[in-house]
Amino acid sequence: MSATMSSLLYLVSGVLFILALRGLSSPETARRGNRFGMAGMLIAVTTTLALPQVESYGLIVLAIAIGGGIGTVLALRIQMTALPQLVAAFHSLVGLAACFVATAAYFNPEAYGIGARGAISMGSLIEMGLGLAIGAITFTGSIIAFGKLQGIVSGKPVTFTGQHMLNLVIGLGLLAAIAMLVMTNDDALFWAIFAAALVLGILIIIPIGGADMPVVVSMLNSYSGWAACGIGFTLGNPLLIITGALVGASGAILSYIMCKGMNRSFFNVILGGFGGDDAVAAASSSDGDKTVKQGSAEDAAFIMENADSVVIVPGYGMAVAQAQHALREMGDMLKARGVTVRYAIHPVAGRMPGHMNVLLAEANVPYEDVLELEEINRDFAQTDVAFVIGANDVTNPAAKTDPSSPIYGMPILDVELAKTVLFIKRSMASGYAGVQNDVFFRDNTMMLFGDAKKMCEEVVQSLD
């Protein structure tokens, strides 16, 4: 294949990736966006395999078969509740791949046309050093994020004295080591960059609490993109540069949107601890003498079928119970009775950006019924029933009223303003941020204790 043809096909692939991102910006066009992305990737891989530089297809085919097999098994077996940690795991693989390519290019530069051993061009060494560092940070950071989401590692912040200063010293040391690598081509510096970046990836993520994990997943997505972009320069591959830049920029923009949704700065998320032991202790000590009003599925069905409007607020509890299909059936039955039913989505509900939107789309909830926080929040005061299904932190009024709360300042869904709040939870345990929710104890709140899916199914039976 000629260089002109490969460049043209890479350009087509890049355009398809841009269209894919545009499509994925809305649940209504997400399927089309996925198709554009798959078509773009097919063109990209096929074009790369047709390049004259490819000398042997045996190992390539073997790698594709192994990777494709693993991906197929995961796609068929993974539960939606595990999707956030799967995404984090995928990010770690992108970072590790960037490290492998940087290592191969450094120790065999002739194969990449960037010089000879000990005499690699300055530009290539800069690109290689940055790609190696970002890739290593992404790798270990994503593993820690995976561990926190999976419950292998505690979701609480891990902090120690001098932590931020240590991170700063390692970060500056990385930049200095890259500069020295460019000047000396020293193998020891290459491995020092790799080792320091691995440590920095761990140190960056461990102080971040569970409630900030959606931002962390988005941030690591951005890191993986920039790592790929840096390696694209090393390989001289324009499509890898374009794709990496798209992923890096879109991940950074999404991280900004997520931080804005939490009313927190990006550096506040990275440098702060969200949902630590103090919050848990404060919540457990201050609510011991409060009582809640408990109800049943029959009570909930009666209240909702006699309401004019119901706003459903899904959270991670819905994902854990896989209750989205029963919830949609409940919503359809209420609509058949003339009740206006809408769904309210908080930007950081769940464990990753768009988590709730994906679950509701999976259950074929009409897109026009799903509204973001800014669109729905002003309507809660005129809503008869707010039906909260496993969404704790994003409905907690402490974010508005308690300056000592770790979630203070985060915009929330104002469910407490509805005439009646029906709140499904397994128990009175605090949310992922470790903060108790005062809505539980309000006079207009009825707690529905139990599995979210089972509770929704019982409501459906009562409405039938």
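Up top is the structure.
Residues numbered from 1 in each chain as written. Predicted model: local features only at pLDDT ≥ 70, side-chain atom pairs only at ≥ 80, totals over all residues. Heavy atoms only, no water.

Asker: Describe the sheet that holds strand S4 (residues 340–345), naming the residues involved and giving the relevant values.
Answerer: Read from one edge of the open sheet, six strands run S5-S4-S3-S6-S7-S8, paired in parallel fashion. Every other strand in the sheet has two partners, leaving strand S5 (370–372) and strand S8 (445–449) as the edge strands with one partner each. With direction set aside, neighbouring strand axes in the sheet form an average angle of 25°. Sheet topology note: the strand S6 (residues 385–389)/strand S7 (residues 420–425) ladder contains five bridges and is parallel. Looking at the pairing, Val 385 lines up with Thr 420 of S7. Of the strands in this sheet, strand S3 (309–314), S6, S7 and S8 are in contact with helix H12 (residues 297–305), which crosses S7 at around 145°. (Pairing = 2+ DSSP bridges. Helix = DSSP H or I, 4+ residues; strand = E, 2+ residues; numbered from the N terminus. Axes fitted to C-alpha atoms, helices over the stretch in contact; angles between N-to-C directions. Contact = heavy atoms within 4.5 Å.)

Asker: Go over a nonpolar patch on the surface, please, and point to the residues and values.
Answerer: A cluster of nonpolar side chains, Met 1, Met 5, Leu 8, Leu 11, Val 12, Val 15 and Leu 19, forms an exposed patch at the surface whose accessible area comes to about 570 Å². If you trace the backbone, Met 5 turns up in helix H1 (residues 3–24). On the basis of relative accessible area, Met 5 is assigned to the partly exposed category, the value being 39%. (Patch = residues over 30% accessible without salt bridge, like charges linked within 9 Å, V, L, I, M, F, W, Y side chains within 5 Å. Areas by Shrake-Rupley, 256 points an atom, 1.4 Å probe, with all protein chains shown as cover. Salt bridge = Lys/Arg side-chain N within 4 Å of Asp/Glu carboxyl O. Buried < 20%, exposed > 50% of the residue type's maximum accessible area, 1.4 Å probe, protein only.)

Asker: Mind laying out helix H15 (residues 355–362), listing which residues take part and the relevant values?
Answerer: Of the positions making up H15, those classed as buried are His 355, Met 356, Asn 357, Leu 359 and Leu 360. Taken together, the buried residues of H15 touch helix H4 (83–107), S3, helix H13 (316–321), helix H14 (324–336), S4 and S5. Immediately downstream of H15, the backbone of Asn 364 shows phi near 60°, a positive value.

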